[in-house]
Amino acid sequence: MSRPVLRRPEYHKINKDLFVLTYGALVAQLCKDYEKDEDVNKYLDKMGYGIGTRLVEDFLARSCVRRCHSYSEITDIIAQVAFKMYLGITPSVTCNNSSRTEFSLILDKNPLVEFVEELPAGRSSLCYCNLLCGIIRGALEMVHLAADVTFLQDRLKGDRVTEIGITFLKKLDEKKCRRRK
């Protein structure tokens, strides 16, 4: 009797262009559903948060990263491993303060805006890719790290690069997180 061969689970990848176009259609529909940009931004962040809380398990299982011991290590893992794994890009990381709790991810190329030339008319405060901020925030919260994640610069708003700011607020108490479930 032979033993069954253990195989790695197969992960189905969707076409990047299909994902980007579908995301664009989602944002367009949200712009129709909500009058205020702030409402669209909140919805995209909330949606991203839900994705991030689930995506972190897949990331930890597939990436085999070790436990991080500093905020700079965490930010480097997000940039060099997570962004590469899910978006196919590697943003550069900069530290923004001496206490090493504020970092920026600078995206020279943002795949979510590949087919977007400009923001819709009258939507100047729309954060088109706010989903990414929610994903990062949700994933960090699942590993017991509270963070504020926002767009600091956006090419769609005329900036030279797209920059996502991550401010680590505090390490969440594991015992309190377990009780919430």
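Please refer to the structure placed before this passage.
Cut-off values and rules
- Residues numbered from 1 in each chain as written.
- Predicted model: local features only at pLDDT ≥ 70, side-chain atom pairs only at ≥ 80, totals over all residues.
- Heavy atoms only, no water.
- Helix = DSSP H or I, 4+ residues; strand = E, 2+ residues; numbered from the N terminus.
- Buried < 20%, exposed > 50% of the residue type's maximum accessible area, 1.4 Å probe, protein only.
- Contact = heavy atoms within 4.5 Å.
- Areas by Shrake-Rupley, 256 points an atom, 1.4 Å probe, with all protein chains shown as cover.
- Polar contact = N/O pair within 3.5 Å; in protein donor to acceptor, adjacent residues only side chain to side chain.
- Phe/Tyr/Trp six-rings, centres within 6.5 Å; stacked < 30°, edge-to-face > 60°.
- Core = buried A, V, L, I, M, F, W, Y, C linked by side-chain atoms within 4.5 Å.
- Pairing = 2+ DSSP bridges.
- Axes fitted to C-alpha atoms, helices over the stretch in contact; angles between N-to-C directions.

Caption draft 1: Molecular detail of the overall build of the protein chain. Within the protein chain, the regular secondary structure consists of 5 helices and 4 strands. In sequence order, the secondary structure elements of the protein chain are arranged as α-α-α-β-β-α-β-β-α. In the protein chain, which comprises 181 residues, the share counted as buried stands at 39%. Once local pairs closer than 6 in sequence are excluded, the contacts in the protein chain between residues at least 24 apart make up 60%. Taken as a whole, the protein chain presents about 11,900 Å² of accessible surface, with 52% of it coming from carbon and sulfur.

Caption draft 2: Here's a closer look at the side chain of S104. Residue position: S104 is located in strand β2 (residues 102-107). Judged by relative accessible area, S104 falls into the buried class, the value being 0%. There is a polar contact of 2.7 Å between the side chain of S104 and the side chain of N96. Each residue touching S104, except ones within four places of it in the same chain, is listed here: S92, V93, T94, N96, L152, E163, I164 and G165.

Caption draft 3: Layout of the packing of aromatic side chains. Tallying each qualifying case throughout the model produces 4 aromatic pairs. Aromatic side chains Y23 and Y128 sit 5.5 Å apart centroid to centroid with 90° between the ring planes, which places their arrangement in the edge-to-face category. In this pair, Y23 is assigned in helix α1 (residues 16-33) and Y128 in the loop between β2 and α4 (130-142), connecting sequence segments 105 residues apart. A relative accessible area of 4% means that Y23 is categorised as buried. Overall, Y128 belongs to the buried group, its relative accessible area being 6%.

Caption draft 4: Structural detail: the nonpolar core. Core analysis: the biggest nonpolar cluster contains 35 residues, and F83, L105, I136, L140, I164 and I166 have the highest contact counts within it. Among residues more than four places away in sequence, those in contact with I136 are I78, F83, L105, V149, I164 and I166.

Caption draft 5: The sheet that holds β2, seen in detail. Pairing in this open sheet of 4 strands is antiparallel, and the strands run β1-β2-β4-β3 from one edge to the other. On the outer flanks of this sheet lie β1 (92-95) and β3 (145-153), each paired with one strand and no other. Averaged over all pairs of adjacent strands, the angle between strand axes in this sheet comes to 25°, irrespective of strand direction. As judged from the 4 bridges shared by β1 and β2, these two strands associate in the antiparallel manner. The residue of β2 that forms the bridge with T94 is S104. Its contacts with the sheet put helix α3 (residues 71-87) on β1, β2, β3 and β4 (162-171), and the angle it makes with β2 is roughly 20°. Packed on one face of the sheet, α4 meets β2, β3 and β4 and runs near 165° to β3.

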